[in-house]
Amino acid sequence: MSQMTYVFGHQKPDTDSICAAIAYAYLKRETGSPETEACRLGPVNKETQFALDTFGVEAPRLIKSVKPQVSDIHLNNDSMVTEENSIHHTMDLIIDNPGRSLPVVDDQKKLIGIISLPDIMHAYSDPFQEDGLMKAKTPYRNIIKTLNARIIGDTPEGVVKGCFFNNSQLAPDTKLSSDDVVLTTRNDSSRDMAFANGNGCVIISDVPADMDMPIPEGYTGTTMLTEKSTFEVIRLLEQVMPIRQYVNHDTMEFFMLSETLEDVKGNMLSSPHNRFPVVTDDGVVLGTITKSSLLDYQRKRVILVDHNEKTQSIAGLEDAEIAEIIDHHRVAEVQTDAPLYMRVEPLGCTCTIITKMYQEKDVPIPKKIAGLLLSAIISDTLLFNSPTCTEQDKQAAQALAKIAGVNLREYGRSMLIAGSNLGDMTPKQIIGADRKIFTMGNYKIEISQINTGDYKSLFNKLKDLLAQMQENCEKEGADLAILMVTDIVLGGSELLIAGEQRHLVRDAFGIEDEDISQFFPGMFSRKKQVVPPLMRVASEE
Ligand SMILES: [Mn+2]
């Protein structure tokens, strides 16, 4: 089975993170890695939704974690039994499968119980009585299979409905019913008494495989011939009964495919069992796992686009295999177990790098993908206003606009404005739309950015925004929160400040402690104009 690779951008995804994931996954699929899926780590913002709608592309699938799950374990043991199966057959399987218990399933293979060695041991101490086979609703096929019997006459269907007798228990006047099962042996001189019921079931022991056995004339029932001895037949008949009455339905322990190995481990350690069924969402048993299976799993493969910092990425990244990183941010703390393909270029947008990769690999860019790549470049460079914007970003955007069939400036403005109606948004939404968390020196700093064509509504919300930022700092243990409200028409950003360590902002940007916000003409880029001065100040301490 070839393994799936997941491509995703950072948490609180912006247009670059979503579009880079879609476009790069498409490029991978076109270049020999068909098992590649674009994903996202959070909700699609309004600007991105505008881009997706314009070019008719679905948002990628939302994923929350790449922690190893039960679905990543190699399931190689699929032994299971039904309630109808015999004690004999079940015991054989239990002995063959370390773990000493088996899932019990219905005819749809859905889990209905567990049978363990201690449960089934009761079968060996319960007395075997004449009506035992009947009471246990023993299927005839269990008898045939366990005795490895040859059949003369019709193969009986269904379950035993009469009593069991040994020929030696019979007297000439015993009344047998046609539902009874009688055991006799090849050399028994009174063997014909067993056939007295006329059309029941007679088992004859000690019959070699190649020997014919004459059946009394007029007998219309079933005869089962077995090579096994009388003693063995009696011993085995105790074990042909179905396991139904020994199945444990009450304390079923099982795992779903979606559960993380972390949770599974905790549950396994507190369980008396060693082997556990694995089921689908519909309860269908796929196999079983034991404690040692937890060591034999495949790590999820991921490609990070538009980010490389763990704090901005998905839960469980440390347990995943990072196959590639395509990014245009600072490289902070990348540590991998194996070599990877890593491409970081100081360009305005991840999608500019990806556009170049399409060209390098000679893969034609479909119209829809071109539209998305273009949208990301417009978004990240604020329609080429940001100081992070390079000549390569502009050239890529122009080429992409042609393929996508849109007017670059016209489309760019309508997309940026679609994402920026502050009046409709709550403080939480404004701050959360594009928030990144940075570790700088000893400080945890949250920096949010929002682009708007609606700068004036900001001032109606100033107090609420600052209160929300303060609350976030306290809840998340951050030392400082900054909100950049960027307006491409006014040509700059308003910085709003909250948190305990405001002196960092004073030292980096000259905003006095008592000021809650200030406009910076020409400031567009969090990455180039806000993060570096803060980094310098924070690390000098
Ligand atoms: Mn980006």
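Small disclaimer: the values here were computed from a predicted structure and weren't measured.

The rules behind each value
Residues numbered from 1 in each chain as written. Predicted model: local features only at pLDDT ≥ 70, side-chain atom pairs only at ≥ 80, totals over all residues. Pairing = 2+ DSSP bridges. Helix = DSSP H or I, 4+ residues; strand = E, 2+ residues; numbered from the N terminus. Axes fitted to C-alpha atoms, helices over the stretch in contact; angles between N-to-C directions. Right-handed = clockwise from strand over helix to strand, strands pointing away. Core = buried A, V, L, I, M, F, W, Y, C linked by C-beta atoms within 7 Å. Buried ≥ 20, exposed ≤ 12 C-beta atoms within 10 Å, placed from the backbone. Contact = placed C-beta atoms within 7 Å.

Colleague: Requested: an account of the sheet that holds strand E9 (residues 181–185), with residues and values cited.
Modeller: Across a sheet, paired strands are connected by hydrogen bonds in the backbone, their directions being either parallel or antiparallel. Sheet architecture is open: 5 strands sit in the order E7-E11-E10-E9-E8, paired in mixed fashion. Looking at which strands have only one partner, the edges of the open sheet turn out to be strand E7 (150–152) and strand E8 (164–166). Each adjacent strand pair in this sheet contributes to an overall mean axis angle of 25 degrees, direction not counted. Relative to strand E10 (residues 201–205), E9 runs parallel, the two being bridged by 5 bridges. Paired with Val181 across the strands is Cys201, a residue of E10.

Colleague: Residues and numbers for the pairing of strand E1 (residues 5–8), please.
Modeller: In this sheet, strand E15 (residues 301–305) lies alongside E1 in parallel orientation, the contact comprising 4 bridges. Pairing of Tyr6 across the sheet is with Val302, part of E15. Alignment of E1 against strand E2 (residues 36–40), held across 3 bridges, turns out to be parallel. Looking across to E2, one finds that Tyr6 is bridged to Glu37. Each parallel crossover has a hand, and the one from E1 via helix H1 (residues 15–30) to E2 is right-handed.

Colleague: Report on the nonpolar core, specifying residues and quantitative values.
Modeller: By size, the foremost hydrophobic cluster in this structure holds 60 residues, and its most contacted members are Ala21, Ala23, Tyr24 and Leu373. Considering every element that reaches this core, the biggest residue donor is H1, with 10 residues. Apart from residues no more than four positions distant in its own chain, Leu373 is found in contact with Cys19, Ala23, Cys351, Ile354, Thr355 and Leu400. Ranked by size, the runner-up nonpolar core spans 51 residues in total, among them Val104, Val105, Val160 and Val233.

Colleague: Summarise the sheet that holds strand E13 (residues 275–279); cite the residues concerned and give the values.
Modeller: Read from one edge to the other, the open sheet built from 3 strands follows the order E12-E13-E14, with strand pairing classed as mixed. On the outer flanks of this sheet lie strand E12 (255–256) and strand E14 (285–290), each paired with one strand and no other. Where E12 and E13 come together, 2 bridges link them in parallel fashion. What sits directly across from Phe255, in E13, is Val278.

As far as function goes, none of this settles anything; it's purely spatial.
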